[in-house]
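The lines below spell out each chain.
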Amino acid sequence: MLPEPPPAPTAAPPVPQGLDDLYDIARLADRLGVEHATIRVWLSRKVPWLPQPDGRLNGGAVWRATTLEGIEMRRERGRPGRKPKFVPPPSAADVPRTGMIPVVPVRESV
């Protein structure tokens, strides 16, 4: 008889501990698919969806993995800091005409 193989592990993967739990600017940029400089610009502009770093390591910003949970969902696409373009409602003078301007004959007074 052949021995039975051991049962497959059903436990969840281990939670990262120590330095594996930390994200620096380079690792966060790779996760979000942007350049390193973009992360620095977002930090300087204090975009609301990017949390402030949990600390500094060798002079660089670092975040815990738990701080960055769901950051892909919170991230706003487009250029942060750009104000939405103001478009005023059209006035009657701005409405395009759909034909020739009618000519009104002048009446002579009697």
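Structure: see above.
What you see is a predicted model, and the numbers here were worked out from it, not measured in a lab.

**Quick look at the sheet that holds strand β1 (residues 22-24)**
The three strands are arranged β1-β3-β2 in an open sheet whose pairing can be described as antiparallel. Either end of the sheet is taken by a strand with one partner, and the two such strands are β1 and β2 (55-57). The average undirected angle you get between the axes of adjacent strands in this sheet is 45 degrees. Set on the sheet, helix α1 (residues 25-32) makes contact with β1 and β3 (60-64); between it and β1 the angle comes to about 90 degrees.

**Points about α1**
When α1 is considered as a whole, its buried residues turn out to be I25, L28, A29 and L32. The buried residues of α1 all sit within an arc of 100 degrees when viewed along its axis, so they share a single face. Buried positions along α1 lie against β1, α2 (36-45), β3 and α3 (71-74). One or two steps after α1, the chain reaches G33, where phi turns positive at roughly 75 degrees.

**A few points about the packing of aromatic side chains**
Per the counting criterion, the structure on display carries one aromatic pair. Between W42 and W49 the ring centres are 4.9 Å apart and the planes differ by 70 degrees, which places this aromatic pair in the edge-to-face class. For the pair shown, W42 and W49 are each scored as buried. One Lys or Arg, R27, reaches over the ring of Y23 and ends 4.0 Å from the middle of that ring.

**Thoughts on the pairing of β3**
Summarising the sheet, β1 and β3 pair through three bridges and their orientation is antiparallel. For L22, the partnering residue across the bridge sits in β3 and is R64.

Cut-off values and rules
- Residues numbered from 1 in each chain as written.
- Predicted model: local features only at pLDDT ≥ 70, side-chain atom pairs only at ≥ 80, totals over all residues.
- Heavy atoms only, no water.
- Pairing = 2+ DSSP bridges.
- Helix = DSSP H or I, 4+ residues; strand = E, 2+ residues; numbered from the N terminus.
- Axes fitted to C-alpha atoms, helices over the stretch in contact; angles between N-to-C directions.
- Contact = heavy atoms within 4.5 Å.
- Buried < 20%, exposed > 50% of the residue type's maximum accessible area, 1.4 Å probe, protein only.
- Arc of directions from axis to C-beta.
- Phe/Tyr/Trp six-rings, centres within 6.5 Å; stacked < 30°, edge-to-face > 60°.
- Lys NZ or Arg CZ within 6 Å of the ring centre and 35° of its normal.

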